[in-house]
Protein chains: 2
Amino acid sequence: MTKQRISDVLRSHGVCPTQQRVAVYEYLLTHRTHPTADTIYHALVQEFPSFSRTTVYNSAKALAKAGLIRVITIDAEEQRFDAGIENHGHFRCTHCNEVFDFPVSEESVTALSPASFEGNTWDVYVTGVCPHCQASL
Amino acid sequence: MTKQRISDVLRSHGVCPTQQRVAVYEYLLTHRTHPTADTIYHALVQEFPSFSRTTVYNSAKALAKAGLIRVITIDAEEQRFDAGIENHGHFRCTHCNEVFDFPVSEESVTALSPASFEGNTWDVYVTGVCPHCQASL
DNA sequence: TACTCTAATTGTAATCATTACAAATTAAAA
DNA sequence: TTTTAATTTGTAATGATTACAATTAGAGTA
C-alpha cells in the first residue's frame, strides 16, 4: 500500500493523515509483529529525526479510535499495537516473549460474547510456549 | 472458609501460609469484584496496620504462581486479581469501569486454543457497556 | 500564493503502578 | 529455645504512559 493510499484510508476514517500517522500506520501494516511503542519509535525516528515517543502514543490512539488498529495488553508491562483488525487471537510465548496471531472463528466469538452486554469488542489472549521455543528446550 | 482452612489450602499448594497471604486470599475469596492491588491494600491495612503495598504484590504473585488466583490485565493501567480459577471470561464496562465474570464453555475454550502451542493459559476479555449502565444512559 | 485558524507534534516534566533492595521480622524445624 | 531461611516492609528506583505549553504543520479561503 502506497503512502498516498494510506492517506486516503486515514481520511476516509476521519483521521487527519499527517506524515507521522501515515508512517505509524504503514509501519504496523508492514510489520505484523505487534510492536511496542518503543519499537515503533526507534524505527521511525530514523525517517523523522524530530519524531517523538509522545507522537507514537498520540498517533496510535487516533488510529485505534478510528478502528484501524488494535491495542493489545497481553503483556502487562507495555502496550502493543496491531494493524490486524479481523477476527484473531493473540498468543504470547513466555520463553521468547513474542506475540503471534492465531485464527479464531466467527462462531466461537459469537459463542463467547455475553448476550446482555452491548457494543462489545473482544480479545482472546493465550499464554504458553511457542512451537519454536518448544523445539529448542 | 475459615482462616485455618485457607492455611491448609495454601500449604497444600506449596505456599507458606503467612498471615498476610491468608488475608489476601481470604479477601479475594469473599470479594469477587476483581480488586486492584490498591483496593486490597486499603482493605487489609485496617486489619494489619503494618501492611504494605509491596506485600499485596508479593502475596498475589505467590498465590498466582501456585495457581490459586489469576492476574487480570483487561485494564491496561492496573492489574486486577481474581480467586476464580474455573473457566470464565471477563467483561469490562467502559462506563462504570467494573469487571464482571461471564460463563465460557469448555468446548469454546478448546476450540480457541491453538493446537501447536503448549502449556496454555487463556484469557477472554470483552469490553463494552454493562446492562446496568445501558439502562442508565 | 499568502493568510488564517485549527489541529497535531514535540520536548520536558509529571504521574503512577509496579519492582528492587536491604533491614527487620516471622515461620518452622531442630 | 535456637537457628536458619523465608517473608514482610518502607523507601527509593524504574519505566511506561500522559499532561502541558510552545512550536509547527495541515487544509480551507480569498
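Described below are features of the structure shown in this document. Everything numeric in this text was worked out from a predicted model, so none of it was measured.

1. Overview of the protein's contact with DNA strand D
Step number 1: Close to DNA strand D lie 20 residues, the nearest being Tyr57 and Gln79 of chain A together with Thr18, Ser50 and Thr55 of chain B.
Step number 2: Counted by atom, the contact set of DNA strand D within 4 Å of the protein is 86% sugar and phosphate.
Step number 3: One of the side-chain nitrogen or oxygen atoms of Gln20 of chain B is found 3.1 Å away from a phosphate oxygen of DNA strand D.
Step number 4: Elements represented by at least two residues in the surface near DNA strand D include exactly α4 (53-65) of chain A together with α2 (19-30) and α4 (53-65) of chain B.
Step number 5: Counted by class, the surface near DNA strand D contains five nonpolar, 10 polar and five charged residues.

2. Remarks on the nonpolar core
Side chains of a nonpolar character, in soluble globular proteins, are inclined to be buried together.
Step number 1: Counting 25 residues, the largest nonpolar core has Phe91 and Val124 of chain A together with Phe91 and Val124 of chain B as its most contacted members.
Step number 2: Going through the elements one at a time, β3 (89-93), α5 (106-112) and β5 (118-129) of chain A together with β3 (88-93), α5 (106-112) and β5 (118-129) of chain B are the ones with two or more residues in this core.
Step number 3: With four residues, β5 of chain B is the largest single contributor of residues to this core.
Step number 4: Those residues within four positions of Val124 of chain B in sequence are excluded, and the remaining contacts are Leu112 and Asp123 of chain A together with Gly89, His90, Phe102 and Leu112 of chain B.

3. Topic: the protein's contact with DNA strand C
Step number 1: The full set close to DNA strand C counts 18 residues, and Thr18, Ser50 and Thr55 of chain A together with Tyr57 and Gln79 of chain B are the nearest of them.
Step number 2: Put simply, 86% of the atoms of DNA strand C that lie within 4 Å of the protein are in sugar or phosphate.
Step number 3: Between Arg21 of chain A and DNA strand C, the recorded distance is 3.2 Å, taken from a side-chain N or O atom to a phosphate oxygen.
Step number 4: In this structure, Ser50 of chain A approaches DNA strand C through a main-chain N or O atom, which is 2.9 Å from a sugar or linking oxygen.
Step number 5: Secondary structure elements with two or more residues in the surface near DNA strand C: α2 (19-30) and α4 of chain A together with α4 of chain B.
Step number 6: When its residues are assigned to classes, the surface near DNA strand C shows four nonpolar, nine polar and five charged.

4. Here we look at the interface of chain A and chain B
Reports of interface size often rely on the accessible area that becomes lost once the parts have come together.
Step number 1: Listed per partner, the contact involves 26 residues of chain A and 26 residues of chain B.
Step number 2: Among the residues of chain A in contact with chain B, Leu112, Phe117 and Tyr125 of chain A are the three that bury the most area, contributing 24% of the side total.
Step number 3: At the junction of chain A with chain B, the criterion picks out zero salt bridges.
Step number 4: At the junction of chain A with chain B, the criterion picks out seven residue pairs in polar contact (both at pLDDT 80 or more).
Step number 5: Mapped onto the side of chain A that touches chain B, the elements with two or more residues apiece are β4 (99-102), α5, β5 and α6 (131-136) of chain A.
Step number 6: Top element by residues in the side of chain A that touches chain B is β5 of chain A. It accounts for 12 residues.

5. Some details on the pairing of β4 of chain A
Residue and element names in this part refer to chain A.
Step number 1: Alignment of β3 against β4, held across four bridges, turns out to be antiparallel. The partner of Arg92 across the bridge, within β4, is Val99.
Step number 2: Where β3 hands over to β4, the hairpin turn is made up of five residues, of which Asn97 adopts a positive phi near 65 degrees.

6. Some remarks on the packing of helix α1 (residues 3-12) of chain B against α2 of chain B
Residue and element names in this part refer to chain B.
Step number 1: For the pair α1 and α2, the least separation of the axes is 10 Å and the interaxial angle reads 105 degrees. Taken together, α1 and α2 sit at an angle that is classed as roughly perpendicular. On the side of α1, the interface is formed by Lys3, Ile6, Ser7, Val9 and Leu10, while α2 contributes Arg21, Val22, Tyr25, Glu26 and Leu29.
Step number 2: For the contact of α1 with α2, the residue count by class is six nonpolar, one polar and three charged.

Rules and cut-offs
Residues numbered from 1 in each chain as written. Chains lettered and ligands numbered in written order. Predicted model: local features only at pLDDT ≥ 70, side-chain atom pairs only at ≥ 80, totals over all residues. Heavy atoms only, no water. Near = heavy atom within 4 Å. Polar contact = N/O pair within 3.5 Å; in protein donor to acceptor, adjacent residues only side chain to side chain. Helix = DSSP H or I, 4+ residues; strand = E, 2+ residues; numbered from the N terminus. Nonpolar A, V, L, I, M, F, W, Y, C, P; charged D, E, K, R; others polar. Core = buried A, V, L, I, M, F, W, Y, C linked by side-chain atoms within 4.5 Å. Buried < 20%, exposed > 50% of the residue type's maximum accessible area, 1.4 Å probe, protein only. Contact = heavy atoms within 4.5 Å. Buried area = accessible area lost by both parts, 1.4 Å probe. Salt bridge = Lys/Arg side-chain N within 4 Å of Asp/Glu carboxyl O. Pairing = 2+ DSSP bridges. Axes fitted to C-alpha atoms, helices over the stretch in contact; angles between N-to-C directions. Parallel < 35°, antiparallel > 145°, perpendicular 65-115°, else oblique.

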